[in-house]
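Listed here are the chains, written in short residue letters.
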Amino acid sequence: MNKTSLERVKVETRELDRRVKSYSERADDGTVHVKADDTSFAKQDAEKLIELLEERTRYLPLRRGLSVSIEGPESEMKEFIPRVRNSIRDSLVPLVYYVDLDLKRLARLSVILIVVGMLAMGSASILTELSFNAYALHEILVIASWVFIWAAVETFFFERRKLKNRKHHLQRIYSAEFTTANQKGSTATLD
């Protein structure tokens, strides 16, 4: 690279850093700005808004509250905001229910995998006590037991954690404060 292109890259990198810092100050305040062009709000709009809110709040700490600022025609916002909030809450109930079902399913699966792993390990131990030489079968059972035990640990600690985080995100959206927009910020359209 020649000297001028190196300087240009440095300037662009500084500009990017400045813009990222400016964006982080706006994004970290716990407010999601949404623009509503159309105040007719249906169930599919609620589902789209939930997806948008999940995406926009993915990197915010879970312990922080959430505020949804909706920008739209001022005259229609008084009855629109409660309708949106109630529609969002009604749509979140089945989502949280299915996440709870998945959590229970993963817990049952983890227990089953750990039991199968322990049975395989116990069978391998019993096999070593027998008088005939079954070294290959013993090794297969030991390896299988560790595979099942690891699958149980992975399911319980890693996959379950993702579902618990999603449940917490959905709960935060459920308890979000919905207000009218009073400041300019990044917006997304409900349509």
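In this report, the structure presented in the accompanying data block is examined. Position numbers for residues start from 1 in each chain and track the written sequence from start to end. Side-chain atom pairs in this predicted model are given and counted only at pLDDT of 80 or more, local residue features only at pLDDT of at least 70, and totals for whole chains, interfaces and linings cover all residues. Each side-chain value is worked out from all heavy atoms of the structure, with water and hydrogens disregarded.

A run of H or I in DSSP becomes a helix once it reaches four residues, and a run of E becomes a strand once it reaches two; helices and strands are each numbered from the N terminus. Secondary-structure assignment places Tyr 135 in helix α4 (residues 135-174). Under the scheme applied here, a residue whose accessible area is under 20% of the maximum for its type counts as buried, over 50% as exposed, and between as partly exposed, the area being computed with a 1.4 Å probe on protein chains only. In this structure Tyr 135 comes out as exposed when scored by relative accessible area, which is 56%. The sequence separation of Tyr 135 and Val 9 amounts to 126 residues, and the corresponding C-alpha distance is 63 Å.

Before going further, it helps to spend a moment on the packing of helix α3 (residues 77-129) against α4. Here, axes are lines fitted to C-alpha atoms. For helices the fit covers the stretch in contact, and angles between N-to-C directions go from 0 to 180 degrees. It is at 8 Å that the axes of α3 and α4 come closest, and there the two elements cross at 165°. As far as their axial angle goes, α4 and α3 are roughly antiparallel. Crossing angle aside, the handedness with which α3 passes α4 is left-handed. For this classification, Asp, Glu, Lys and Arg are treated as charged, while Ala, Val, Leu, Ile, Met, Phe, Trp, Tyr, Cys and Pro are nonpolar and the rest, including Gly, are polar. Within the contact of α3 with α4, the residues separate by chemical class into 29 nonpolar, 7 polar and 8 charged. Each angle receives one of four descriptions, namely roughly parallel if under 35 degrees, roughly antiparallel if over 145, roughly perpendicular if within 65 to 115, and oblique otherwise. In this scheme the handedness of a crossing depends on how the near helix is turned from the far one: anticlockwise by less than a right angle means left-handed, clockwise means right-handed.

Here the focus is the packing of helix α2 (residues 43-56) against α3. Geometrically, a packed helix pair is captured by the angle between its two axes and the distance between the axes. One way to put it is that α2 packs onto α3 with a least axis distance of 9 Å and a crossing angle of 75°. Here α3 runs roughly perpendicular to α2, going by the angle between their axes. Counting all contacts with α2, which are made through Lys 43, Ala 46, Leu 49 and Ile 50, the residues of α3 involved are Val 84, Ser 87, Ile 88, Ser 91, Leu 92 and Leu 95. Residues belonging to the contact of α2 with α3 are distributed by class as follows: 7 nonpolar, 2 polar and 1 charged. Working rule for contacts: check all heavy atoms of both residues, and any pair within 4.5 Å makes them a contact.

So, on to the sheet that holds strand β1 (residues 31-35). What makes two strands pair is DSSP finding at least two bridges between them. The 3 strands are arranged β1-β2-β3 in an open sheet whose pairing can be described as parallel. Each end of this open sheet is capped by a strand with a single partner; those strands are β1 and β3 (177-180). Going across the sheet, the axis of each strand differs from the next one's by a mean of 25°, ignoring polarity. Sheet analysis places strand β2 (residues 67-71) next to β3, joined by 4 bridges and oriented parallel. Following the sheet pairing, Ile 70 is matched in β3 by Thr 180.

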